[in-house]
Amino acid sequence: LEYLSPIKYTFIGFAENEYRGTDAPIGLLNFDLSLWASIGILIGMSIGFRLIALFVLWVMKKKIQ
């Protein structure tokens, strides 16, 4: 479930953006994604979740009719 959580990718993106170029020890957090990778994953998850919801609504509509 960790990989389906948008909170994880939001935090990684926020931390990478906020502390890039500073002396903060962000390397200790062991992030394996960059800022743009986390943004891309969030956009993909948003589109994917909406497509799944659309498919479920389409199936439910067919069952009702």
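Residues numbered from 1 in each chain as written. Predicted model: local features only at pLDDT ≥ 70, side-chain atom pairs only at ≥ 80, totals over all residues. Heavy atoms only, no water.

**A few points about the packing of helix α1 (residues 6-19) against helix α2 (residues 35-64)**
As a packed pair, α1 and α2 sit with axes 8 Å apart at the nearest point and diverge in direction by 150 degrees. Classified by the angle their axes make, α1 and α2 are roughly antiparallel. Here α1 and α2 pass one another in a crossing that is left-handed. On α2, the residues touching Pro6, Tyr9, Thr10, Ile12, Gly13, Glu16 and Asn17 of α1 are Leu35, Ser38, Ile41, Leu42 and Met45. Grouping the constituent residues of the contact of α1 with α2 by class yields seven nonpolar, four polar and one charged. (Axes fitted to C-alpha atoms, helices over the stretch in contact; angles between N-to-C directions. Helix = DSSP H or I, 4+ residues; strand = E, 2+ residues; numbered from the N terminus. Parallel < 35°, antiparallel > 145°, perpendicular 65-115°, else oblique. Left-handed = near helix turned anticlockwise from the far one by under 90°. Contact = heavy atoms within 4.5 Å. Nonpolar A, V, L, I, M, F, W, Y, C, P; charged D, E, K, R; others polar.)

**Description of the packing of aromatic side chains**
Under the counting rule described, the total for this entry stands at two aromatic pairs. Summarising the aromatic geometry, the rings of Phe11 and Phe31 are spaced 5.9 Å apart at their centres and angled 80 degrees between planes, so their arrangement reads as edge-to-face. Of the two residues, Phe11 is situated in helix α1 and Phe31 in the loop between α1 and α2; the sequence distance between them amounts to 20 residues. Relative accessible area serves as the criterion here: at 45%, Phe11 is assigned to the partly exposed category. (Phe/Tyr/Trp six-rings, centres within 6.5 Å; stacked < 30°, edge-to-face > 60°. Buried < 20%, exposed > 50% of the residue type's maximum accessible area, 1.4 Å probe, protein only.)

**Brief notes about α1**
Between the first and last C-alpha of α1 there are 20 Å, a value that for 14 residues agrees with the 20 Å anticipated at 1.5 Å per step. Among the residues of α1, those classed as buried are Tyr9, Ile12, Gly13 and Ala15. Here the buried residues of α1 occupy an arc of 165 degrees about the axis, which is enough to place them on one side. Along its buried surface, α1 packs onto α2. Of the residues flanking the end of α1, it is Gly21, one or two places downstream, whose phi is positive at about 80 degrees. (Expected span 1.5 Å × (residues − 1). Arc of directions from axis to C-beta.)

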